[in-house]
Amino acid sequence: MEDISGWPELAMDYAMIYLPKLAVALVILIVGLILIKVLLGGMKKMFKIKNFDTTLETFLLSLTGILLKIILGITVVSTLGVQMTTFVALLGAAGLAIGMALSGTLQNFAGGVMLLIFRHYKVGDWVEMQGYSGTVKEIQIFNTILKTPDNKTIIIPNSPISTDSLVNYSTEPKRRVDFTLGIGYDDDIDAAKKVILDVIKADERVHKDPEPFIAVAELADSSVNFTLRVWVDSGDYWGVYWDNLEAFKKALDANGISIPYPQRDVHMHQVDQSS
């Protein structure tokens, strides 16, 4: 009973010692988080004023935020009276365990650094990677975020991106558009080529140098197939492709040139059963 009766006084003593420290640590935590938010906001505004590289901006903001929060956490723990030598030892042991458990995450961080060094792509590029295609929205310290044309968000870890192949469709200012067009075997090849070239040359987005190239590529089962190759600005690729597919069909129809579809002739033979 004597031991139990002394607990309130002991609890009061501990409260007098640690409650002020806890209050100070809480204030430091709240103020620190506010300051970090303000600092990151200021950095973001400065980057925009200086026209800073968007790709590097996202990475630096993310990395700075994590480092500042780690420093704030150490400061809060120190304010509570935890000895730094003990804390560092615990942090080292915890860091080793966490590092082993999160080896993949650390690889993603290293991959993000490599991507920023070699700059295989940047924010705004249209890329194909890890089986996905889309516009690069952000390059964070652990992930790359893509936005698809139908407004889906795809998050891909940086590690496999940095070690695997990828296709960047935005690197070069020009791209070649390839068309495959078929006409019937009874149609005039020269007339069809003229119709197709007239259509494509009327499109101002198509480059005059190099000139559009057209040739018979295949004598297929149901059609004579042309290959048409033209050069355009990278941003005009899909517009030129879609618009001219429709224009080719209309122009060929207007000139009486058929676009055949696969068909099969079936011949029926009557068997004389009288024999």
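Look above for the structure.
Residue indices follow the written sequence of each chain, beginning from 1 at its first position. Where totals are concerned, whole chains, interfaces and linings use all residues; where local detail is concerned, this predicted model gives features only for residues with pLDDT of at least 70, and gives and counts side-chain atom pairs only at 80 or more. For side-chain calculations, the full set of non-hydrogen atoms in the structure is used, while hydrogens and water are omitted.

Draft legend 1. The arrangement of the sheet that holds strand S8 (residues 224-233) in detail. Only strands that DSSP links by at least two bridges are regarded as paired with each other. Numbered from the N terminus, helices here are DSSP runs of H or I no shorter than four residues, and strands are runs of E no shorter than two. The sheet built from three strands is open, its strands ordered S6-S8-S7 with antiparallel pairing. Edge positions in the open sheet fall to strand S6 (174-183) and strand S7 (213-219), since each of these has one partner strand only. Averaged over all pairs of adjacent strands, the angle between strand axes in this sheet comes to 25°, irrespective of strand direction. Two strands pair when backbone bridges link them, and S7 and S8 are joined in this way by six bridges, in the antiparallel orientation. Its bridge partner being in S8, Leu 219 is matched across the sheet by Val 224. Contacts are residue-level and defined by heavy atoms, with any inter-residue pair within 4.5 Å sufficient. Each axis is a line fitted through C-alpha atoms, taken for helices only over the stretch in contact, and angles between the N-to-C directions span 0 to 180 degrees. Against the sheet, helix H7 (residues 189-201) makes contact with S6, S7 and S8, and its axis sits at roughly 20° relative to S8, the strand it touches most.

Draft legend 2. A look at helix H8 (residues 237-254). Across its 18 residues, H8 extends 26 Å between first and last C-alpha, which sits within 8% of the 26 Å expected from 1.5 Å per residue. Throughout this description, buried means an accessible area under 20% of the type-specific maximum (1.4 Å probe, protein chains only), exposed means over 50%, and partly exposed covers the range between. Within H8 the residues assigned to the buried category are Tyr 237, Val 240, Asn 244, Phe 248, Ala 251 and Leu 252. On the buried face of H8, the contacting elements are S6, H7 and S8. Backbone geometry just downstream of H8 places Gly 256 in the positive-phi region, at approximately 70°. To estimate how far a helix should reach, multiply one less than its number of residues by 1.5 Å.

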